[in-house]
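# Close look at the chain arrangement
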Amino acid sequence: MICPKCKVKNSNLAKYCIRCGYLFPANDVSKYGDTLENKLINEYFYDGKIKYYFYNISLGFLIFNFSYAFLKKQYSVGIISFLSFIYLWFIFEKAIYLIISSLGFFSLFFIFSLLFCIFIYFYYCFKFNEIYVDNVRFRVNKIIKANPNSNYEELKKICKKDSNGNWIMAIVSIIIMFILLILK
């Protein structure tokens, strides 16, 4: 199956594009086999696709960074992005002084760490949707395994409930960030 968004060839049984994360319409996939997992993934995404992306860039992550990752229950991405953001803030705050005051080779550490933080940010901007779709697939399989005797409607309700964002963690991460930035 060819992705209509990015024109990458995917497997005929694929429910989503491996490159951009676009979820294929249910009628396209139903021709190739509609599994319980694929049906529940459709329920997880409300309208069958990931929203808020532009040229394979996750706009939510681009604008809101780690708080968007926490909202979408991508905790490892959120923690890495949060630590990277705090370190980047520290580097920008002290960068000129540290680079000028350090002699030669030692200043390279600050330059490379700055570049590494920027790389992490842009890596997740481009890869967030793929990581998110993989996490949804994992969560759906976990729901199926945890409820082996449930019918489709019960699993559908559980997936809808699980698909709600973690607003508490997103707000707490923003508050912690502001507290850390104020204390510096």
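Our subject is the structure that appears above.
Another point: helix H8 (residues 167–183). A rise of 1.5 Å per residue sets the reference length of H8, with its 17 residues, at 24 Å; its end C-alpha atoms lie 24 Å apart and thus fit the reference within 8%. For H8, the complete set of buried residues consists of Ala170, Ser173, Met177 and Leu181. The buried residues of H8 occupy an angular sector of 65° when projected down its axis, which confines them to one face. Turned more than 90 degrees away from the buried face of H8, the exposed residues are Trp167, Ile168, Ile182 and Leu183.

As a further point, take a nonpolar patch on the surface. Among the surface-exposed residues, Leu59, Leu62, Ile63, Phe64, Leu108, Ile111, Phe112, Leu115, Ile118, Phe122 and Phe126 lie close enough to one another that they form a single nonpolar patch of about 970 Å² accessible area. Residue assignment for the nonpolar patch shows that the elements contributing at least two residues are helix H3 (59–64) and helix H6 (105–146). Tallying contributions element by element places H6 first for the nonpolar patch, with 7 residues. Mapped onto the secondary structure, isoleucine 118 falls in helix H6. Accessibility expressed as a relative area gives 31% for isoleucine 118, which makes it partly exposed.

Conventions used here
Residues numbered from 1 in each chain as written. Predicted model: local features only at pLDDT ≥ 70, side-chain atom pairs only at ≥ 80, totals over all residues. Heavy atoms only, no water. Helix = DSSP H or I, 4+ residues; strand = E, 2+ residues; numbered from the N terminus. Expected span 1.5 Å × (residues − 1). Buried < 20%, exposed > 50% of the residue type's maximum accessible area, 1.4 Å probe, protein only. Arc of directions from axis to C-beta. Patch = residues over 30% accessible without salt bridge, like charges linked within 9 Å, V, L, I, M, F, W, Y side chains within 5 Å. Areas by Shrake-Rupley, 256 points an atom, 1.4 Å probe, with all protein chains shown as cover. Salt bridge = Lys/Arg side-chain N within 4 Å of Asp/Glu carboxyl O.

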